[in-house]
Structures are given as structure tokens and as C-alpha cells.
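A closer look at the structure
Listed below, chain by chain, are the residues.
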Amino acid sequence: QSDRILDIGCGNGALLTELAERGFGNLCGVDYSERAIELAKEVARMEEVAAEFSVTDVCNTDSSILKGREFDVCLDKGTYDAISMGPGDADMQRAMYIQSLSKLLKDDGLFIIASSNWTKEELIEHFNPGFVCIAALTAPKLHFGEPESGGNPTV
């Protein structure tokens, strides 16, 4: 529970708040949205959670609070998907994301990604070389609000 944990695209900080309630410390959340970080800080203050939050472009960590830092665990619940669908050169943005992640994650660290846009095989291809898939969990697909079996990997 002393692992340094980074939530990439933390939004309102709900995941880090939950981790803090379960006894984890050394929590850091980053998001490109200033409003999301303001909300995360407010939620953390109200819930008495000691977590660090910062407006940061994860694809450009050299000029952020993340510069030179390493984490035991990096979590992504949709940021890679958003970068993949964003304007501009998506291939370049994905490469920059992976390069930044490689700097942020300790050599023996754990990267947990939730994706609804990529299959397990595609994620393995994107993050290879450099990352090894330990496990993949499959969530049910939703089809017009109805559950359907055989969904995409989420972790």
C-alpha cells in the first residue's frame, strides 16, 4: 500500500479517493482538464484524501510535475482511447503517450489500462516492445443498452 500510484486522466479523482479509502498512499492524479483537477482537489479535500493533483499533458511530461518521477503503478481508464481518437496525428500522439509512460513507470512497475476502443491484441501490439501483458479481463459489450457477451478487454 506504499506503492506510488499515478492515475492518468484522473478526472474528478474518484479512483484515487477509493484507493485512499482502502489504505493506499502516495497517490497522484493528472488530467489535461483544469476544471477536472479543480474538482478532484475539492473532492479530495472534502473526503480528507491526501493525493496530489495536477493539470498535465501526459504526452509531454518533461515540463510538468511528473518530470523525473517514477511510479510503481500507472492507471489509465480511457486516456489512451481519447488520445487515439483526438484531433491531429493520432499515431504520433499514441507514440508520445507510450514514450512518456515508459519514463513514468518503474522497470518492474504495473500498467493497468481500461480500453473500450482496442482489442487485447491491438493493445499488446501498440505497447510492444517494452510492456508485457500479464492478464486481460473482458467486460460485457453493450448493444443499445443491452448486455452482450464477448466484450473488449478493459484491463
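Our subject is the structure that appears above.
Residues numbered from 1 in each chain as written. Predicted model: local features only at pLDDT ≥ 70, side-chain atom pairs only at ≥ 80, totals over all residues. Heavy atoms only, no water.

**Overview of the sheet that holds strand β2 (residues 27-31)**
With parallel pairing, five strands are arranged side by side in an open sheet as β3-β2-β1-β4-β5. Either end of the sheet is taken by a strand with one partner, and the two such strands are β3 (51-55) and β5 (105-113). Each strand of the sheet is rotated relative to its neighbour by a mean of 20 degrees, with strand direction disregarded. Here β2 runs beside β3; their pairing, made up of five bridges, is parallel. When the bridges of β3 are listed, V30 appears paired with S54. Contacts from helix α2 (residues 34-46) reach β2 and β3 within the one sheet, and its direction differs from that of β3 by about 165 degrees. (Pairing = 2+ DSSP bridges. Helix = DSSP H or I, 4+ residues; strand = E, 2+ residues; numbered from the N terminus. Axes fitted to C-alpha atoms, helices over the stretch in contact; angles between N-to-C directions. Contact = heavy atoms within 4.5 Å.)

**Some points on unusual backbone geometry**
Put simply, N128 and P129 share a cis peptide bond, and its omega is 0 degrees. In this model, N26 sits at a positive phi of 55 degrees, which is unusual for a non-glycine residue. In this fold, N26 is placed in the loop between α1 (14-21) and β2. With relative accessibility at 46%, the residue N26 sits in the partly exposed group. Residues other than glycine seldom take positive phi values, yet E48 does so here, at roughly 55 degrees. Here E48 is to be found in the loop between α2 and β3. Of the residues examined, E48 reaches a relative accessible area of 74% and is grouped as exposed. (Buried < 20%, exposed > 50% of the residue type's maximum accessible area, 1.4 Å probe, protein only.)

**Some words on the nonpolar core**
Counting 22 residues, the largest nonpolar core has L6, C74, Y80, Y97, L101, F111 and F127 as its most contacted members. Elements with a minimum of two residues in this core: β1 (5-8), β2, β4 (71-76), α3 (79-85), α4 (90-104) and β5. The residues touching C74, leaving out its near neighbours within four places in the chain, are L6, I8, L101, L104, L105, L110, F111 and I112. (Core = buried A, V, L, I, M, F, W, Y, C linked by side-chain atoms within 4.5 Å.)

**Considerations on the environment of R22**
With respect to the element layout, R22 can be found in the loop between α1 and β2. Here R22 falls in the exposed class, since its relative accessible area comes to 56%. The spatial distance from the C-alpha of R22 to the C-alpha of Q1 is 8.7 Å, given a sequence separation of 21 residues. Separated by 2.7 Å, the side chains of R22 and E18 make a polar contact. (Polar contact = N/O pair within 3.5 Å; in protein donor to acceptor, adjacent residues only side chain to side chain.)

**Re the pattern of salt bridges**
Between side chains of opposite charge, a pair can form as their charged atoms come close. Counted by the stated rule, this structure contains eight salt bridges. Across the salt bridge formed by D72 and K106, the nearest N and O atoms sit 2.8 Å from each other. One end of the pair, D72, is in strand β4; the other, K106, is in strand β5, with 34 residues separating them in the sequence. Through salt bridges that share partners, R4, D72 and K106 make up one connected network. (Salt bridge = Lys/Arg side-chain N within 4 Å of Asp/Glu carboxyl O.)

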